[in-house]
Amino acid sequence: MDRTSIGAKSLFPKGPSFTLENFSNKDFIVRDFVDSLAESAVPINRRSGPAQPAFDAKPLIRTFENALSQLAILGDELQEKESELLSQVRRAEVQHDQTLDTLGRKLDQSMSSFEALDGTVASSKSNNYETVNKADGEGNVAVQIGEKLEDLDRKRRRAQDAQFLIQCWSEVSDTGLLSSLEDIRRQGGAENKIRCAVIARQLMRISQQLDPASWGHANGHRRSSVGNGNGNGNGNGNGNGNGNGGGNGNANGPKTHNTREVLEKFCESLEQDLLQQFNNSYRKQNFDDMMECAKVLYDFNGGASVIATFVNQHQFFIDRDQLMNDEVIADKDIWEPIADPDATPPGVEASLQSLIDEVKIVMQEESFIIKRAFPYYETVLTKFIQRVFQQSIQQRLEKVLDKADTVSSLAFLRSLHSSRSYISSLIEDLKTHGLTEHPEPCSGQIAQILDQQVDELFVPYLVGNLYIEREKKSIEEMYSSLLFKFTMYHSRKKKAPTGFMASLAQQGTQLMASAKDAYLERLESSDLTPTQKATMLRVAGIAEKDNKNEIELSEDDGTLSVANAKRMLKWLAESVQRTLELGTAVETPKEMSVFLNLLLSNMGQVYVQTALDAAHMQATMLENSKTEPDMSYLPAIRPAVTISAIMDRFISTVLIRLAESNTTVRKSMEAQKKMAIDEIEKKTNAVMKISIDVIVNFVAKTLSGQKKQDFRPKDVELESLQTPTCLAICTFLGRAEKHASAAIDGQNAEKFFSELATELHRLLFDHFKKFQVNATGGLMVTQDIAKYVSIVRDWPLAKDIGLAIELLTEIGSLFIVGAEALREKSRGLAPGQMTARGKLSKADFQAFVQRRDDATSVGIQSMLAGL
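Residues numbered from 1 in each chain as written. Predicted model: local features only at pLDDT ≥ 70, side-chain atom pairs only at ≥ 80, totals over all residues. Heavy atoms only, no water.

### Re the overall build of the protein chain
Here is the rule: Secondary structure is summarised from DSSP: a helix means a run of H or I of at least four residues, a strand means a run of E of at least two, and numbering begins at the N terminus for each. To sort residues, take the accessible area from a 1.4 Å probe on protein chains only and compare it with the maximum for the residue type: under 20% means buried, over 50% means exposed, and anything in between is partly exposed. The contact rule is simple, with two residues in contact once any of their heavy atoms fall within 4.5 Å. Only the protein chains shown count as cover for residues, and all accessible areas are computed by the Shrake-Rupley method using a 1.4 Å probe.
Of the regular secondary structure elements, the protein chain holds 32 helices and 2 strands. By residue count, 41% of the 867 residues in the protein chain fall in the buried class. Looking at the protein chain alone, contacts between residues at least 24 apart form 73% of all its contacts between residues at least 6 apart. When the accessible surface of the protein chain is totalled, it reaches about 47,600 Å², and 51% of it is carbon and sulfur.

Okay, structure coming up:
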């Protein structure tokens, strides 16, 4: 297509333009043409990117309207050219008819001259030369005479062949012998054998027509010589039994031979001679003679015998038949990595690879011979391909897969995949090479045969749900092994949940128990191979001698590991890759849905949600703790969030995207993913919320233990400007902040610490309204508040929360400044009854000031009265 380039952008961009030459190209494809129009109408910045704006059909409509208008113009132009060409054709036909008439008249004149010449030759030799000299042209007459003689010679040869054929039929019909054909056959030579074969086939057809009884026809009748011939010679019986001729010609009784059997016996013997001749020519690389033999043998039985001889006696099959009994090498260095889910999948098995490499060479070499030796070479090549795949490759493939199945489920799947990939690459190489069409690519028929062979090889392993069930079983075994210690750890610590999380944790508990039971049941299964059992134990991190119900566990066994999650995704990604290459596009969405369910149930529920349930349960137990609560459960939140994010991204970019061809399945998968992620987020939020309650409750409990006289110390009693209560709370908050920071970051951390700071601000605000404060105590209040603020100030807080925390420092100053300073501070109070925007309300200001020991003094009372 000739597209015009536009130098500057315009409001209505110019559409594509094209001419008749665009459609006269032999490579023109309508679908590609339409696709190119669609692509040209869509801006580049809208063709890619994760977030795309709503689809706008106007550019496409304008482009196709422009294209249709141009096509209409080109259609008119084409119609004019067609009309002009039709006129030229009619003129040419008229001229052709005139030329034929002229040539016909000239031919009649030539025939007349030839007849006159022939008559003259018959009448007189001398007159013959005179007539020839009078002909239109001496050379033309000689050519016509030669053609006439050649035609007569052909008729003579046909007559001789017919005479010889009748003679052979008379022999076989009367005597049951083929003496004349045997004489030709004994002369030897390829041409004589081929001639015998042709005549024998003709005699078979004559026998069918003239001797139907030999062929077992129900309505047939045997020819018989029944007559009383008198005299000498052969008696030919007629219907009345009167023989003509003399002699004893009594020919009573039926024939004792069967023409069909005689001819078939001769044909079989002749066929063996031709096959032997074909083999001899094959060894001598005499392709012309092979071609002649193949042509004749095709008349015998469609070429089945010569094809079978060529294929069955091929040295490749003879050598390979001797090697097929060899067992697949049981090398640990080969099979152990195949069974190891963490090892890189090795390539195709060595003996199968060797066979496929040899097949590639042999088929390329033999296709050259087949093309030159057989007129029906595609049929021969098809038989050769089928024999190679259905015998040699299939037998070796079955041995390899049987061996892999005795190693492990994963070994079988990896061997199946690598074998399919390697054989598919062989098919593509053969198609590209072209075989009998070399150097051009294979014909469509041969390409279809090659594809069919691959499908037939692997259908027994991929039919129905057989393959995806194997993949599912393999992944479940690996997941249950990896999570065994994790599930066992939490099953031992698990207690019946109560309250809000009871319903949320119930499903996770059931899945965790089923995962552990499935692993133990699989270990005791009789069909589990030793290698597979060893692999499962290694992945689980336990020894075979260990009692599976009494394994020693550590705290690390019960915590989430991002590395383990990545292992699980890696294993699943490998299965997805195998499924895409081995499965069909129609089944891919359903298979991705199966993988999604596996991932959500194992990683989402058994792994992540179980850890969140455990954290929530531990937080619940600490909610009303009388001693300082241990917040060490909080760091488990970070890997839960990380794993959830990784899982979410994998599902969206891999599984759901691969299921886009089936809208129903895709929407179902999206709903499942959303539900699972929402559940994880809900449990994460619940853990963080109850953690805030744990911290706030302990701070409140500790504040409640503040002594009434802590802020009215006597000078002799003063040992520190900070109270023990403040020191205890700040120490606890420091530990809690460390655990929380290890759990969350970013906006999550800001929301968490802002909410916690708000609760602490409320507690402290109310706390300092409860105590009487003297002059020295005011310093202690100031120091306590400064300590609280310094702890909270380092947290990631929202801006308004940070202002509220800084307001606490104002409270401390209210207990240490004089009446005039208080009067000055009262001028900056917030209007109304609520503290806001970093300013105290009048009510709060009054409440704090009244807790001063000197609040009854004239100056302070005067200041309060002025509020």
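### Topic: the UniProt feature "coiled-coil region" (unreviewed entry) in the protein chain
Threshold: UniProt positions are given in the numbering used here, feature names are shortened, and annotations may be inferred rather than shown by experiment.
Mapped onto this numbering, the UniProt entry annotates "coiled-coil region" (unreviewed entry) at residues 64-95. In the segment residues 64-95, helix accounts for 100% and strand for 0%; the C-alpha atoms at its two ends are 45 Å apart.

### Section: empty space enclosed by the protein
Put simply, the rule is: Grid spacing is 1 Å over the protein atoms alone, the probe is 1.4 Å, and a cavity is where that probe fits but cannot get out, while a pocket is an open set with protein on both sides within 12 Å along at least five of seven lines and lining residues have an atom within 4 Å of a point. Grid points are joined across faces, edges and corners, and a volume is the space filled by probe spheres set on the points. Three classes are used, and their members are as follows: Ala, Val, Leu, Ile, Met, Phe, Trp, Tyr, Cys and Pro are nonpolar, Asp, Glu, Lys and Arg are charged, and the others, Gly among them, are polar.
Counting across every chain of the model gives 5 cavities of 30 Å³ or more. What the largest cavity holds in volume is close to 100 Å³. Breaking the lining of the largest cavity down by element, the ones donating at least two residues are helix H15 (409-433), helix H17 (466-482) and helix H20 (530-540). Split by residue class, the lining of the largest cavity holds 6 nonpolar, 6 polar and 1 charged. What lines the second largest cavity is Val699, Ile729, Leu733, Leu760, Leu764, Tyr788, Val789, Val792, Ile805 and Leu808. In terms of residues, the lining of the second largest cavity owes the most to one element, helix H27 (residues 775-793), which gives 3 residues.

### What to know about the side chain of Arg852
Defined as follows: We call two N or O atoms a polar contact when they sit within 3.5 Å, provided that within protein one can donate a hydrogen and the other can accept it, with sequence-adjacent residues counted only if both atoms are side-chain atoms.
Counting through the fold element by element, Arg852 comes out in the loop between helix H31 (842-849) and helix H32 (858-865). One polar contact links the side chain of Arg852 to the main-chain carbonyl oxygen of Leu814, over a distance of 2.7 Å. Residues contacting Arg852, with those up to four places away along its chain left out, are Gln772, Val773, Leu814, Phe815, Ile816, Val817, Leu822 and Ile860.

### A look at the side chain of Lys673
As for its position among the elements, Lys673 is in helix H24 (residues 663-704). Setting aside residues up to four positions removed in sequence, Lys673 forms contacts with Leu600, Asp648, Ile651, Ser652 and Ile656.

### A short note on the packing of aromatic side chains
Quick note on the threshold: Pairing of aromatic rings covers Phe, Tyr and Trp, the last through its six-membered ring, and needs centres within 6.5 Å; plane angles under 30 degrees mean stacked, over 60 mean edge-to-face, and all others mean tilted.
Per the stated rule, a full pass over the model turns up 17 aromatic pairs. With 5.2 Å between their ring centres and 85 degrees between their planes, Phe752 and Phe753 make a pair best called edge-to-face. Given a relative accessible area of 1%, Phe753 falls into the buried group. When the ring of Phe815 is compared with that of Phe848, the centres are 6.4 Å apart and the planes differ by 80 degrees; the resulting orientation is edge-to-face.

### Remarks on a nonpolar patch on the surface
Counted only if it meets this: Candidate patch residues must exceed 30% relative accessible area and have no salt bridge, after which like charges are joined if within 9 Å and Val, Leu, Ile, Met, Phe, Trp or Tyr side chains if within 5 Å. We count a salt bridge whenever a side-chain nitrogen from Lys or Arg sits within 4 Å of a carboxyl oxygen from Asp or Glu.
The grouping of Ile145, Leu149 and Leu152 at the surface amounts to a nonpolar patch, some 260 Å² of accessible area in total. Position of Leu149 relative to the elements: it lies in helix H5 (residues 138-174).

### A word on helix H25 (residues 724-743)
Because each turn of an α-helix spans 3.6 residues, side chains separated by three or four positions end up pointing in the same direction. Inclusion rule: Residue count minus one, scaled by 1.5 Å, sets the expected span of a helix.
End to end, H25 covers 29 Å across 20 residues, agreeing with the expected 28 Å (1.5 Å per residue, within 8%). On the buried face of H25, the contacting elements are helix H23 (637-658), H24, helix H26 (746-767) and H27.

### Focus on the pattern of salt bridges
If you walk through the whole model with that rule in mind, you get 27 salt bridges. Between Arg414 and Glu574 there is a salt bridge whose closest N-O contact spans 2.6 Å. Of this pair, Arg414 sits in helix H15 while Glu574 sits in helix H21 (residues 562-582), and the two are 160 residues apart along the sequence. This pair shows no difference in class: Arg414 is buried, exactly as Glu574 is. The residue Asp844 makes a salt bridge to Lys769 at a minimum N-O spacing of 2.8 Å. Linking Asp844 in helix H31 with Lys769 in the loop between H26 and H27, this pair joins segments that are 75 residues apart in sequence. Judged by relative accessible area, Lys769 falls into the partly exposed class, the value being 24%. Within this structure, Arg414, Glu471, Glu574 and Arg578 form a network of salt bridges that share partners.

### What to know about the packing of helix H30 (residues 819-826) against H32
Here is the rule we go by: Every axis corresponds to a line fitted to the C-alpha atoms, with the helix fit spanning only the stretch in contact, and the corresponding angles, defined between N-to-C directions, vary from 0 to 180 degrees. Roughly parallel here means an angle under 35 degrees, roughly antiparallel means over 145, roughly perpendicular means 65 to 115, and every remaining angle is called oblique. Crossing handedness is read from the near helix: turned anticlockwise from the far helix by less than a right angle, it gives a left-handed crossing, and turned clockwise, a right-handed one.
Across the interface, H30 lies against H32 with an axial gap of 9 Å and an inter-helix angle of 10 degrees. By the angle class used here, H30 and H32 are roughly parallel. Relative to H32, the crossing made by H30 is right-handed. Residue-level inspection shows Ala819, Leu822, Arg823 and Ser826 of H30 in contact with H32, the latter providing Gly859, Ile860, Ser862 and Met863.

### What about helix H18 (residues 484-493)?
Burial of H18 is extensive: 7 of the 10 residues sit out of reach of the surface. Of all the residues in H18, the buried ones are Phe484, Lys485, Phe486, Thr487, Met488, Tyr489 and His490.

### As for the confidence of the model for the protein chain
Counted only if it meets this: The predictor attaches a confidence to each residue, called pLDDT, with possible values from 0 through 100.
On average, residues of the protein chain carry a pLDDT of 81, and 82% of them reach 70 or more. Here residues 496-502 is modelled with pLDDT under 50, and outside its nearest four sequence neighbours on either side it reaches 7 contacts, counting other chains as well.

### Side note on the environment of Met617
Here Met617 lies in helix H22 (residues 588-622). When its relative accessible area of 17% is taken as the criterion, Met617 is described as buried. Along the chain, Met617 and Ile690 lie 73 residues apart, while their C-alpha atoms are 9.9 Å from each other.

### A few points about unusual backbone geometry
Geometrically, the link from His438 to Pro439 is a cis peptide bond, its omega value of 10 degrees lying close to zero. Topologically, Pro439 is positioned in the loop between H15 and helix H16 (444-462). For Gln285, which is not glycine, the phi dihedral falls at a positive 60 degrees. The exposure class assigned to Gln285 is partly exposed, which follows from its relative accessible area of 40%. The backbone of Leu435 sits at a positive phi, close to 55 degrees, despite the residue not being glycine. Structurally, Leu435 can be placed in the loop between H15 and H16.

### Remarks on the packing of helix H8 (residues 259-284) against helix H10 (residues 304-312)
Interaxial distance between H8 and H10 falls to 10 Å at its minimum, and their mutual angle equals 40 degrees. The pairing of H8 with H10 is recorded here as oblique in orientation. Helix-helix and strand crossings are classified by hand; for H8 and H10 the assignment is right-handed. Contact with H8, carried on its side by Glu271, Leu275, Phe278, Asn279 and Tyr282, involves Ser305, Val306, Thr309 and Phe310 of H10 and no other residues of that element. Counted by class, the contact of H8 with H10 contains 5 nonpolar, 3 polar and 1 charged residues.

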